[in-house]
Each structure stands twice: as C-alpha cells, then as structure tokens.
Amino acid sequence: MPPASELSPADSSPAGPSSAESSPGRSAPALSASSASFEQAPTQAELLDFVRRTAADAELIASLPLDPEGRTWVRLDGPGGSEAWLIGWPPGTGTGWHDHADSVGAFVTASGELKENSLAARLPTDGWRTLELTDGVDRERRLPAGRGRSFGRHHVHDVLNESTGRHAVSVHAYHPPLPRIRRYSRTEQTLRLEQVERPEDWQ
C-alpha cells in the first residue's frame, strides 16, 4: 500500500501507501525514474515491469531517507500517467487491510522482505459496511528483494515488514492515480469498512 495509502503512506498514504500505525509518514520530493512512453493506459504487466526496473536501480533505492519509527516515501514519475511511489518500511510496520478502489497496480520489494496477506474474493464495490468472509479466501505471499506482484481493481490486502531489525524498501505503481483508498478492520472472518481516504488526505 501511497505511497501504497496504496499512507503514513503505510499509515495514511497510498501503498500500499496504508498502515497499521497512526503516526504520519515522512515524505521527500518526487524523484524521476525512467519510464517508457505509453499511448494507452499501462496494463498490470507494464506496471509490474516498471516497478521491477525501478527496484533494480540501486542508486535510486539507496537515495530514500529511512526513518526508524515511521514509513517514508517519495513519489516517482510512473509510466502512462500512473502514480508511483518508493516506500521505506521500518521493522514491524505495515499498511493494515485496504484496497485501491478502481486502480490496478503492482509492487516489488527492492530490499529486505515484505509479506502480503490478501483476499482471493471479489468484494462488493460500494454500499456495505460489514462482510462475512468465507473459508479459503486468504492468501499469503512472501516477497523478498526482487519479487513482487500485480493486482486488479478492488484488490484487498495487507502488506507488512515482519523483520525485527531490518528496513524494507519497495516500489509501487497504480493506474489510474489513486482516487481513494478504503481501509478495513478484520476480526477473524468479519471484514469491516472503517475509512475512505482521498488524495487530499495523504498529500
């Protein structure tokens, strides 16, 4: 999840910026990462290719300021008008359950390791506050450096750095630029919509 969300972008910005923390994240000026020209909206595969290439830029990854207490992020120039973020995750931080509404996206771990919990289920887009999840919808991915994934609209997930002593850094891209992020709480199989954030909430 800003950077997403999707968050401190993890706290209240896109990426996965989204967050389990409540303190605001620390941001830095936007950086430029090389991107191809797109006449049409980039696909999930093209976003994944972009974040992979960007994550392989060691100089860019090393330029992100890291904070021991909160997530940090820098906005990047994404391909085809997409929204992209470079995000630093201190040990033990995460986004909390969230989605990116009508945006498709992709992210890759550049250093350290992230864990993604997600739901293999299509949720109603609007008009609900509480859902009872069925058994078997949970998915878990371990994403060490160099690994990532793309996802479609209304993808609900929770991204975490479970390390007790090492930062993780990741690259995220979303198209269209995030119109909103919906944040959820979860108790066993009950998912509850808690908050809807819009761009002005994390800029």
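Residues numbered from 1 in each chain as written. Predicted model: local features only at pLDDT ≥ 70, side-chain atom pairs only at ≥ 80, totals over all residues. Heavy atoms only, no water.

Enquirer: Residues and numbers for the overall build of the protein chain, please.
Expert: Counting its secondary structure elements, the protein chain contains four helices and 13 strands. Within the span of the protein chain, comprising 203 residues, buried residues form 54% of the whole. Summing over all exposed atoms, the protein chain offers an accessible surface of approximately 8,900 Å²; the carbon and sulfur share of this is 46%. (Helix = DSSP H or I, 4+ residues; strand = E, 2+ residues; numbered from the N terminus. Buried < 20%, exposed > 50% of the residue type's maximum accessible area, 1.4 Å probe, protein only. Areas by Shrake-Rupley, 256 points an atom, 1.4 Å probe, with all protein chains shown as cover.)

Enquirer: Before we move on, can you summarise helix α2 (residues 44-55) with the specific residues and values?
Expert: Compared with an ideal rise of 1.5 Å per residue, which puts 12 residues at 16 Å, α2 spans 16 Å between its outermost C-alpha atoms and is within 8% of the ideal. For α2, every residue scored as buried is listed here: Leu47, Leu48, Phe50, Val51, Thr54 and Ala55. Seen along its axis, α2 keeps its buried residues to an arc of 160°; they face one direction. Tucked inside the fold, the buried residues of α2 contact α3 (58-62), β2 (72-77), β3 (83-89), β5 (104-111), β9 (148-151) and β11 (168-175). (Expected span 1.5 Å × (residues − 1). Arc of directions from axis to C-beta. Contact = heavy atoms within 4.5 Å.)

Enquirer: Requested: an account of the packing of aromatic side chains, with residues and values cited.
Expert: Within the structure shown, the criterion is met by three aromatic pairs. Ring geometry for Phe107 against Phe151: centres 6.5 Å apart, planes inclined by 55°, an arrangement best described as tilted. Here Phe151 lies in strand β9 and Phe107 lies in strand β5, a separation of 44 residues in the sequence. With respect to burial, Phe107 and Phe151 carry one shared label: buried. With centroids separated by 5.6 Å and ring planes inclined at 5°, the aromatic side chains of Trp128 and Tyr184 adopt a geometry described as stacked. In this pair, Trp128 is assigned in the loop between β6 (113-119) and β7 (130-132) and Tyr184 in strand β12 (residues 181-187), connecting sequence segments 56 residues apart. Taken together, the ring pairs in this structure connect Phe107, Phe151 and Tyr174 into an aromatic cluster. Between Arg71 and the ring centre of Trp89, over which it is positioned, the NZ or CZ distance is 4.4 Å. (Phe/Tyr/Trp six-rings, centres within 6.5 Å; stacked < 30°, edge-to-face > 60°. Lys NZ or Arg CZ within 6 Å of the ring centre and 35° of its normal.)

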